Amino acid sequence: METGDFGLPEHRIITTDATVLYFPMSTHKLPLQSVKELLIANCWNLWRRMQIYCFFQFICWLLFPNFLSGNPEPIEYRIKAHRTFADIKIDGELTEPDWQEAQRIDHFVQYEPDEGTPMTQPTEVKVLYDDKYLYFGFICYDSDLSKMAADEMRRDASLSDNDNVFVLLDTYNDQRSGFFFRINPLGAMEDIAVMDNGDSRNENWDAVWECRTKINKSDWRAEIAIPFSQLRFKKSNNIVWGVNFGRSIQRNYEEGTWAPVPGAYRWRAIYRTANLGRLIGLENIVPQTHLELLPYVLPGVSKRKAYNETNILFDTGLDIKYSLTSNLTADATFNTDFVQVEADQEQVNLTRFSIFFPEKRPFFLESAALFDFGIPRTGFRQPPPLLLFYSRRIGIQNGHAIPILTGGKITGKIGSYGVGLLNVFTNKFHAEGTDVPRTNYSVFRMTRDLFKGSTVGMIAINKQDADTYNRAGGFDFVYRPVDSLSLRGLWARTFEEDVSGEQDALYFGGTSETNNFRVIGSYTDIGKNFNPEAGFVWRRGSRRIRSEFLYTPLLGKFGIRRIWTGPESSFILNRNNELETRDLRFVTGCEFESGKVFQRFNCQIQRTFDHLFEDFEIRERIIIPTGAYNFTSFKALISTDDSKMISGLFVVNFGDFFNGERRGFEIAADFRPTRRFRFQPQYEFNRVILENKTFDANVFGAHVAYSFSTALFARLFTQWNSGQNLISTNFLLNYIYRPGSNFYLVFNQIYDTQAERTDFVDSTLIAKITYWWNP
C-alpha cells in the first residue's frame, strides 16, 4: 500500500504486460474532476499498450498471412440441378415427381453459436430447372414448431430476426458478387444484391421472382422460382455457379449453412461469396436477349397552405431494361418518379460536418455496387469519409426533388472486366433558396478481377450545365491475399475551372478478422480543394490516421456467448500538419447466450481533443468559439432479444462537450403482437449545456405496418425533429397485383410545430400504378 498523488492510500495493480494501474482505496473525499483524471490516465495507459500490440499483430498479418490465418483449403461442395420438363406449381408442397428425383443435400453446419457442429434441426434442399426458371425446394424439419419465430409478411422487410432460409447465387462464379434470396415460414420475401465478397450489400435491390411456403405438423417448406432473366451470367456449355444455402433458427440463436462460412464474420458470414459450394448440371441454358418494360401512370392532388392553392397532378413515365449481351444490361428511364420511396429518417447532427443519407431510389440502386468508389465507413451509423460518386446528388437538392428528364446506364461484365456507364439529365428547377439549372451527369466505371477476390479499377465522373463543369477521376484496388485479410486503397482528383492545387485524395487501409481478433488500420489524405460535386466528402483539407484493435473471443460461460474489447483511435491533422481532432476510445461489450432477456451490451469511454480554428455555429445564434478543447464522454447500449414479440434498445450517453456538457438517451421498441401488425417507435433526446446557452436536439419517429398478405401491406411513417420543428407523415398502401407490378397509394402531410400550436403546411395524395411487361 502506498500514498498516491491524490494524497490517499492506493492499491498498485501490476497487469500481465507490466502495465501499472493505480486505484485509491477510498475515493469518497476525492473531487469528481480528480476521479475523472484518474480514470483517463489509466485508460490512456492501457490504450498505449494495446496500440503497440495492435501494430505488432497487423505487421505479422501482413508478413505471414498464410501462417497466421490457419485456414485449410476449403472442401468442394457440389449440388447438381435436375432438369424438369413438367410444369412446376409454386405452392410450397414440393409434390411433383421431379422433386423426388432431384439430388438432396442435408448436411448443414452452424457458424453461430457452435461453429462447425451440425444444426440442431434437419434441413433438406433440392434444385430443379427448366428453360425459364431455376427452382429451389427447402424442407425445414422442426421438433417444436410452436417455438418458431415468424411474424413478418411484408415484401423486402428484414427477415434476420425470423426463422428463415436463404439462397446465395454467384452467377459469375468469380467469388466477388452474388444475388441473395431469403424467405421466412410465412412466405415473406427479401432479396439483396451482394458485392465485394459480402462487405457491401444493396438491400433495396428488387428482382421479380416467386415463392410459396407451407407449415406442416413437423416441418415447414419453401418453394422458390427465380427466372433466369433476372440473373446475369455468361453463356457456357458447362455452366458452374457458386451457391450456398442457409437456415436460421431464432429460438437457439442458431445460424447455419451448407458450405461452411467463417464465424468470425458473424452476421456478415452468410453473404460471403468466397465461401461457396458449386451448382452444376445446368445445360442448354442460354442467356436470352430480353426486354422488360415498366410504364407507370400517376394521378394525384396536392395542397399548399402558404400559397392557398390546390393542384391536380397527373404524370406518366417509363423504365426499360434490355439485355445487350448475356453479361451486359442497358437500363433507361423517362420522366422518372420515386413517390413510393420512403422518406429519409431524421438524424441529430451535433457536428460541423454533413450528415449522410442512403440511396433508396430503384433506378440508382440497380447495379449500384459497380459504381462504388470510396472509403469504407468506420461504423454502422458513421458516414463514409469519401464517395467519389454519390447518386443522391442527382435529382435531390436542399430537400427538393429535381425533375429527372431521362437517364440511362449500361452495367455488367465483359470477361474479367466489370463495366458501368451512367448518363442522366435533370431539368431546371427553382424554389425559395434553390435554383438549379438543367444539368447532365455522366459516370464511367471499370474494374478488373485479379487473383482470388482481388480487383483494380478506375472511374471518371462529369457534372456539367450550360455554364460550369465539375469533374472527378481516380483509381482503386482491393487485395485479399487470404480470406481473413483485406487491403484496399485509392487515389482520386477533382477538376474545376479556376481551381488548382490541393485537389487530390489518397487512402490506404487494411482489415484482418479472425475468430479472436479484429484489426483495422488506415491512412486518409484529402486536399482542401478536393470537391466532387457528384460525390460525398465528410471532411476536406485533412489527413487522418485511424486504428482499431478488438479482442473478440467466444466465451461460452456465465450466460455470455461472446465478448469484444479493445481500443480505437483517430488522429486528424490539417494541411499544416496541426492536430485538429483526436479521438481515443476504449470499447467493451458482450453478446448473451440464447434464451436470455438481454441480447447485447456495449459501452465505451472516449477522450476527444478538438481544435476549432473557426467559430462553430452549432445552432442558430449559438456559437462555440475558436480554441482547443479536451473532453471526455461515456456511452452505453443494451438491447433485448429481437426475435421476441416485444424487443427494445436503450442507449445512454453523458460527458463533457467542448466548453460545456452533453447528456442524452435513445430508446427504441419493436412491438409485434401478431404476424400482421408491427409498431416501432423511436425517440432520441440530447441536451447540450454550453457556457452561453442550453438547447435540446431531439428526434421522434414511429413506423406502423400492417400486412394483409405477402402481396398487400400498409405502412405509416411519422417523424418529428426539434431542429426543424416539423412533423411529417408518410402513408403507403402497396399491392403487388402480379409479380413485378404494383399499385401504390401515397398520402404525405407536413405540419409546423414552431408556433404555440401545430399548423398544417402541405399535403399530397397520389396513386401510382406500374405494370411489368416482359414480352
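Residues numbered from 1 in each chain as written. Predicted model: local features only at pLDDT ≥ 70, side-chain atom pairs only at ≥ 80, totals over all residues. Heavy atoms only, no water.

### Some words on the overall build of the protein chain
What counts is decided by this rule: Under the scheme used here, helices are H or I runs from DSSP no shorter than 4 residues and strands are E runs no shorter than 2 residues, and both carry numbers assigned from the N terminus. Exposure is judged per residue with a 1.4 Å probe applied to protein chains only, and the accessible area is read against the type maximum: over 50% gives exposed, under 20% gives buried, and values in between give partly exposed. Surface accessibility in these figures is a Shrake-Rupley result with a 1.4 Å probe; residues are shielded only by whichever protein chains are displayed.
Counting secondary structure elements, the protein chain contains four helices and 52 strands. Relative to its 775 residues, the protein chain shows a buried fraction of 51%. A total accessible area of about 36800 Å² is found for the protein chain, and carbon and sulfur atoms account for 55% of it.

### Regarding the sheet that holds strand β13 (residues 210-215)
As a reminder of what qualifies: When DSSP finds at least two bridges between two strands, those strands are taken to pair.
The five strands are arranged β5-β7-β8-β14-β13 in an open sheet whose pairing can be described as mixed. The open sheet has two free edges, formed respectively by β5 (82-83) and β13, since each of these has just one partner strand. Summarising the sheet, β5 and strand β7 (residues 123-129) pair through two bridges and their orientation is parallel. Counted as the bridge partner of Arg83 is Tyr129 from β7.

### Points about the side chain of Gln604
Note the following rule: Pairs of residues are marked as contacts when any of their non-hydrogen atoms sit within 4.5 Å.
Among the structural elements, Gln604 can be located in strand β40 (residues 598-612). Classification of Gln604 as buried rests on a relative accessible area of 18%. The residues touching Gln604, leaving out its near neighbours within four places in the chain, are Arg585, Phe586, Val587, Ser633, Phe634 and Lys635.

### Brief notes about the sheet that holds strand β35 (residues 536-537)
Taken in spatial order, the three strands line up as β21-β22-β35 in an open sheet, and their pairing is antiparallel. Strand pairing shows two members of the sheet lacking a second neighbour, β21 (374-375) and β35, which therefore form its edges.

### So, the packing of aromatic side chains
Basically, it comes down to this: Pairs were defined over the aromatic rings of Phe, Tyr and Trp, the Trp ring being its six-membered one, requiring ring centres within 6.5 Å. Orientation was assigned from the angle between planes: stacked under 30 degrees, edge-to-face over 60, tilted for the rest. By the criterion adopted, a ring carries a charge over it if an Arg CZ or a Lys NZ lies within 6 Å of its centre and within 35 degrees of its normal.
For the coordinates displayed, the defined rule picks out 35 aromatic pairs. When the ring of Phe181 is compared with that of Trp209, the centres are 5.0 Å apart and the planes differ by 75°; the resulting orientation is edge-to-face. Taken together, the positions of Phe181 in strand β10 (residues 178-183) and Trp209 in the loop between β12 (200-202) and β13 put the pair 28 residues apart, joining distant regions of the chain. Across this residue pair, the class does not change: Phe181 and Trp209 are buried. Considering the side-chain rings of Phe363 and Phe364, the 5.3 Å spacing of their centres and the 80° angle between planes classify their relative orientation as edge-to-face. Of the two residues examined, Phe363 and Phe364, each falls in the buried class. Counting every residue linked through ring pairs, the aromatic cluster contains Tyr77, Phe136, Phe138, Phe245 and Trp258. Positioned over the ring face of Phe338 is Arg361, at 5.4 Å from the centre of the ring. The ring centre of Tyr417 lies 5.1 Å from the NZ or CZ of Arg448, which sits over that ring.

### A word on the state of the cysteines
Covalent bonding between the sulfur atoms of two cysteines is what defines a disulfide. Just so we agree on the cut-off: The criterion for a disulfide is a pair of cysteine sulfur atoms lying within 2.5 Å.
Enumeration according to the criterion identifies zero disulfides in this entry. You can see Cys590 has no disulfide; the closest cysteine sulfur is in Cys603, sitting 9.0 Å from it. Given the relative accessible area of 8%, Cys590 is considered buried.

### Quick notes on the environment of Tyr469
Here Tyr469 lies in strand β31 (residues 469-482). With 28 residues separating them in the primary sequence, Tyr469 and Tyr441 have C-alpha atoms 10.0 Å apart.

### Here's the deal with a nonpolar patch on the surface
The condition that has to hold: Residues enter patches when they are more than 30% accessible in relative terms and free of salt bridges; like-charged ones are connected within 9 Å and nonpolar ones (Val, Leu, Ile, Met, Phe, Trp, Tyr) within 5 Å. Each reported salt bridge corresponds to a side-chain nitrogen of Lys or Arg within 4 Å of a carboxyl oxygen of Asp or Glu.
Among the surface-exposed residues, Tyr735, Tyr737, Ile769, Tyr771 and Trp773 lie close enough to one another that they form a single nonpolar patch of about 490 Å² accessible area. Summarising the element assignment, Tyr737 is placed in strand β50 (residues 726-738). Overall, Tyr737 belongs to the partly exposed group, its relative accessible area being 30%.

### Side note on the pairing of strand β29 (residues 439-450)
Two strands pair when backbone bridges link them, and strand β26 (residues 417-426) and β29 are joined in this way by ten bridges, in the antiparallel orientation. Its bridge partner lying in β29, Phe425 is registered against Asn440. Where β29 meets strand β30 (residues 454-464), eleven bridges bridge the pair, whose relative direction is antiparallel. If you follow Arg445 over to β30, its bridge partner there is Ile459. As consecutive antiparallel partners, β29 and β30 are separated by three residues, and within that stretch Phe451 has a phi angle of approximately 50°, a positive value.

### Some details on the pattern of salt bridges
Two side chains with opposite charge may pair up if their charged atoms get near one another. Tallied over the entire structure, the rule returns 47 salt bridges. With a shortest N-O distance of 2.9 Å, Asp161 and Arg672 are connected by a salt bridge. Here Arg672 lies in the loop between β45 (660-671) and β46 (677-689) and Asp161 lies in the loop between β8 (133-141) and β9 (164-170), a separation of 511 residues in the sequence. Here Asp161 and Arg672 have matching classes, each one buried. Note that Lys463 is salt-bridged to Glu533, the shortest N-O span being 3.2 Å. In this pair, Lys463 sits in strand β30 while Glu533 sits in the loop between β34 (517-526) and β35, placing the two residues 70 residues apart along the sequence. A network of salt bridges, in which partner residues are shared, links Asp151, Glu152, Arg154, Asp161, Asp670, Arg672 and Arg678.

### Observations regarding the environment of Ala330
Topologically, Ala330 is positioned in strand β20 (residues 328-334). Relative accessible area serves as the criterion here: at 18%, Ala330 is assigned to the buried category. Residues Ala330 and Leu422 lie 92 residues apart in sequence; the distance between their C-alpha atoms is 9.8 Å.

### A short note on the pairing of β13
Two strands pair when backbone bridges link them, and β13 and strand β14 (residues 219-227) are joined in this way by six bridges, in the antiparallel orientation. Counterpart to Arg212 in the pairing with β14 is Glu223. Counted between consecutive antiparallel strands, the loop separating β13 from β14 contains three residues.

### Observations regarding the confidence of the model for the protein chain
Rules: Confidence scores labelled pLDDT are given residue by residue by the predictor and lie between 0 and 100.
Counting all residues, the mean pLDDT for the protein chain is 85, and 90% of those residues have values of 70 or more. Low confidence marks residues 1-30, where pLDDT is under 50. Its contacts with residues over four positions away, or in another chain, come to 50 contacts.

### So, the nonpolar core
Defined as follows: By nonpolar core we mean a set of buried residues, namely Ala, Val, Leu, Ile, Met, Phe, Trp, Tyr and Cys, connected to one another through side-chain atoms within 4.5 Å.
If you look at the biggest cluster of nonpolar residues, it comprises 46 residues, and the most contacted ones within it are Leu134, Phe136, Phe138, Leu169, Trp241, Phe245 and Leu279. Going through the elements one at a time, β7, β8, β9, β10, β11 (189-195), β14, β15 (239-249) and β17 (277-282) are the ones with two or more residues in this core. Counting residues per element, this core draws most heavily on β15, at five residues. Once you skip the residues sitting within four places of it in the chain, Trp241 turns out to touch Leu134, Leu169, Asp170, Thr171, Asn173, Phe228, Leu231, Phe233, Gly277, Arg278, Leu279 and Leu282. One finds Phe371, Ala492, Tyr507 and Ile526 within the second-largest nonpolar core, a separate group that totals 26 residues.

### Regarding the environment of Gly556
Relative to the elements of secondary structure, Gly556 occurs in strand β37 (residues 554-557). As for Gly556 and Asp114, which are separated by 442 residues in sequence, their C-alpha atoms are 9.6 Å apart. Setting aside residues up to four positions removed in sequence, Gly556 forms contacts with Arg561 and Glu593.

### A look at the side chain of Arg155
Quick note on the threshold: Polar contact is the term for a pair of N or O atoms within 3.5 Å; when the atoms are in protein, one must be able to donate a hydrogen and the other to accept it, and sequence-neighboring residues count only if both atoms are side-chain atoms.
Here Arg155 lies in the loop between β8 and β9. Residue classification places Arg155 among the buried positions, given a relative accessible area of 17%. Here the side chain of Arg155 touches Asp191 through a polar contact of 3.2 Å, side chain to side chain. Not counting residues within four places of it along the chain, the set of residues in contact with Arg155 comprises Met189, Asp191, Asp206, Ala207, Trp209, Thr710 and Ile736.

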